[in-house]
Each structure stands twice: as structure tokens, then as C-alpha cells.
Amino acid sequence: MRRFAFACALALAPFGAVQAEEEAEALGDAARGEQLYRACIGCHQVGEGAQHDKGPSLNDLFGRRAGSMEGFEYSAGLKRAFADGMVWDIEHLNAYLENPKVLVSRTNMDYRGMKKPQDRRDVLAYLRTFSASPQDIPESEPTALAYNVELTPEILAIVGDPEYGEYLASECLTCHQINGDDDGIPGIAYWYEEDFVIAMHAYKQKLRPHPVMQMMAGRLSDEEIAALAAYFANLE
């Protein structure tokens, strides 16, 4: 069984100015982030004179459209993220750093992810110092820190009905191929169920930016998403 593991458990939520002081404290320690960033310098240069290496330069990263740096050949996944209009704001950067492949499918970034939230906050605080007007962060968009919303255990525990999923799947199959082939549109057959559920909720809550998928996922209930996941995961 093949695993197409692009999903994300984070979702956007409104940023409240009244919480700015608390959020500023949660943004991370840039000095500690510089130390943690040593694990990244083999691929990504940052700072004065930074050039593209195995990965693109990370200067002026915040607020930049994904896959948009000139002179770097991006993976198919980042090219798709560019076409979808994804922007490297704090939520997407946090999700990508946690596990690149669950936010951007078919990324070439060979990194299993930074699992500790404080480590991610510290690294992002360090990278923010190389973006424009860091003194305005976190108050100014697009680098304002919003609260992350994770899927509840109750949603992840829903057991989907594959027969109901088959009934619902006809609309999905107007674009996606049932045999799992990727012909310009990512295949969704044979996903692990949890990956499918998380990905659909990421679209539903508008973390993943594709407008059609946001619309489609927004129509579905938690039970319907689980049913589709069960159907596509268990195709004969």
C-alpha cells in the first residue's frame, strides 16, 4: 500500500491584538534558535551573502510566496504550493518545520521534522531576524502569530463507513484517479486514513490554500470525511 503523506494537524484561527504581549513571549528565543539552526545550514544559507544551496536561501522568508525564489529549482510539491498561493506565514512555517512532507506533498526536503514546539518557535524567531522589519513582529502581518488548533482525539477516532464513503466519492473522482495515479492532480487512493482526515481538515480550516479543495472540504461533516478516508484507504 502506498502512502501519500501530506496532511497537517494545524489550522488557522483569528489573531487577537489583546493577546499580543502573551504571544510575543511565545515566539521563541532567537539566540537559542541560532544554535538549533546549525542542523539546517548544510542545505539552507541565511544572512549576508546567503546563496541557494541544496535548498533555497532563507533570507526574507516571512511573507514570501512558497516556491518563489528566483534561481532555485523547486520540487513539484513546492511548485504546486506556489500555484495554490501558499505564503510562508508563521502557521505554514511552523507546520512545515514540524514535518515538511505532511504540509507539502512531493517536497524534496529530506528532513523528518522538528517535533518540539519550543524548538520550532526558537528557530523561527532566529529566521525572522533576516526578514524585513522584524521589529514589527508579531504585531504586523503576515508574520503575526495565530493560535494553532489541533484536531481533537474525538475527530481522529471516528470510524468511517467505507460504503458511505464510496457513495460520497463520486465527486472526488471527477478530478482524482481511482487507481492512485498522479497526472497533474495528486492521487488520493490508498492513503492511510488518518493522513486523509488530517489533510481534509487542513483544507476545511484553510491552512492548505487550494480554493477548490477548501470549498469541497468545507461542505463535508466530520463523519463524511472519515467515510471518504475509509473508502480510499481500503480500495480493492
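Criteria and thresholds
- Residues numbered from 1 in each chain as written.
- Predicted model: local features only at pLDDT ≥ 70, side-chain atom pairs only at ≥ 80, totals over all residues.
- Heavy atoms only, no water.
- Helix = DSSP H or I, 4+ residues; strand = E, 2+ residues; numbered from the N terminus.
- Buried < 20%, exposed > 50% of the residue type's maximum accessible area, 1.4 Å probe, protein only.
- Contact = heavy atoms within 4.5 Å.
- Areas by Shrake-Rupley, 256 points an atom, 1.4 Å probe, with all protein chains shown as cover.
- Salt bridge = Lys/Arg side-chain N within 4 Å of Asp/Glu carboxyl O.
- pLDDT = per-residue confidence, 0-100.

Visitor: Could you give an account of the overall build of the protein, with specific residues and numbers?
Guide: If you tally the helices and strands in the protein, you get 11 helices and zero strands. Helices and strands appear in the protein in the N-to-C order α-α-α-α-α-α-α-α-α-α-α. Buried positions account for 45% of the 236 residues belonging to the protein. Long-range pairs, those at least 24 residues apart, make up 65% of the contacts in the protein with a sequence separation of at least 6. As displayed, the protein offers around 12,600 Å² of accessible surface, 52% of which is attributable to carbon and sulfur atoms.

Visitor: Residues and numbers for the pattern of salt bridges, please.
Guide: Scanning the model with the defined rule gives six salt bridges in all. Between Asp-122 and Arg-32 there is a salt bridge, with the nearest N and O atoms lying 2.5 Å from each other. Of this pair, Asp-122 sits in helix H6 (residues 117–128) while Arg-32 sits in helix H2 (residues 30–36), placing them 90 residues apart in sequence. Among the residues examined, Asp-122 registers a relative accessible area of 2% and is labelled buried. When its relative accessible area of 36% is taken as the criterion, Arg-32 is described as partly exposed. Between Glu-73 and Lys-79 there is a salt bridge, and its shortest N-O distance comes to 2.6 Å. For Lys-79, a relative accessible area of 43% corresponds to the partly exposed category. The network of salt bridges with common partners includes Arg-32, Asp-119 and Asp-122.

Visitor: Explain the confidence of the model for the protein to me, and be specific about the residues and the numbers.
Guide: Any residue range with low pLDDT should be treated as having predicted coordinates unsuitable for detailed reading. Averaged over the protein, the pLDDT score is 79; the fraction of residues at 70 or greater is 78%. When mean pLDDT is compared element by element in the protein, helix H8 (residues 162–168) scores highest at 95, while helix H1 (residues 20–26) scores lowest at 40. In this model, residues 1–26 is a region of pLDDT below 50 whose contacts with residues beyond four sequence positions or in other chains number 77 contacts. Ignoring residues within four places in sequence, the model shows residues 136–149, a span with pLDDT below 50, making 44 contacts including any to other chains.

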